[in-house]
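# Structural description and commentary
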Amino acid sequence: MKGSKGFFCALCAAAALALAACAPSGGAEGSLSETQLSLNVGESAVLELTVDDIIILQGVAWSSDDESVAAVQGGTVTAVGEGSVQITAAYGGVTYVCAVEVVHVPAVGLSEEELFLGVGDTASLALLSDGAAQESGVAWSSSDESVARVEGGEVTCLSAGSATITAQYGGKAYPCALTVCEQPVGVYYCRVQVPELV
């Protein structure tokens, strides 16, 4: 009888050890790979939860407290709109938080990045910010004013050659490669044969 009691106690102790190995202990140390993130709208970042030096791939409940700012799936955070949000990973009764700041950086670029024109031709360039023309704060310049000059985005071709038309805005330069050709001289005819009507 005493032997069976000893066996039963040993069995209970082994079961307790097995459960302790499967579940995170109260003293388990866990952390997210990042506790703060800064993202632009449309960007993504991957968060990893590590507990006792082991990356946890399953059993983590990920959530966002504002999915209009950032969404999370399986640890991948995707920035949706401007604002601040908290991404939460819940595991083993413990909650881990990453604070995410999402900003919007407008897409900026020239309406044309390459132009082919003739001497005497004119063209209009615009610096676009999210598709809308940026009217103020743009400094225009030509790398060779003997070839072409520019004022307020209006390009005037003066002689054959190449020049770079540049819009300077927000500390960045946005170039347009311009090639100016001589205008054809003389009169040209095109002979077209018209079939006879029966």
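Structure first, text after, so check above.
Residues numbered from 1 in each chain as written. Predicted model: local features only at pLDDT ≥ 70, side-chain atom pairs only at ≥ 80, totals over all residues. Heavy atoms only, no water.

What follows is about the nonpolar core. With 23 residues, the main nonpolar core has Leu49, Trp62 and Val100 as its most contacted residues. Every element with two or more residues in this core is listed here: strand 2 (36-40), strand 4 (49-51), strand 7 (70-73), strand 8 (76-79), strand 9 (83-91) and strand 10 (94-103). Leaving out residues up to four positions away in the same chain, Trp62 has contacts with Leu32, Leu47, Val72, Gly74, Gly75, Ile87, Thr88 and Ala89. Counting 20 residues, the second largest nonpolar core, distinct from the first, contains Leu110, Ala123, Trp140 and Ala148. (Core = buried A, V, L, I, M, F, W, Y, C linked by side-chain atoms within 4.5 Å. Buried < 20%, exposed > 50% of the residue type's maximum accessible area, 1.4 Å probe, protein only. Helix = DSSP H or I, 4+ residues; strand = E, 2+ residues; numbered from the N terminus. Contact = heavy atoms within 4.5 Å.)

With that settled, consider the environment of Ala177. When you line up the elements, Ala177 lands in strand 20 (residues 172-181). Note: C-alpha distance between Ala177 and Thr166 (eleven residues apart in sequence) is 8.8 Å. Residues within four places of Ala177 in sequence aside, it is in contact with Glu113, Glu114, Leu115 and Ala163.

Another aspect to go through is the sheet that holds strand 2. One open sheet accounts for four strands, arranged 2-10-9-6; its pairing is mixed. The open sheet is flanked by strand 2 and strand 6 (61-64), the only strands paired with a single partner. The average angle at which neighbouring strand axes cross in this sheet is 25°, direction not considered. Relative to strand 10, strand 9 runs antiparallel, the two being bridged by nine bridges. Considered in strand 10, the bridge of Ala90 is made with Thr95. (Pairing = 2+ DSSP bridges. Axes fitted to C-alpha atoms, helices over the stretch in contact; angles between N-to-C directions.)

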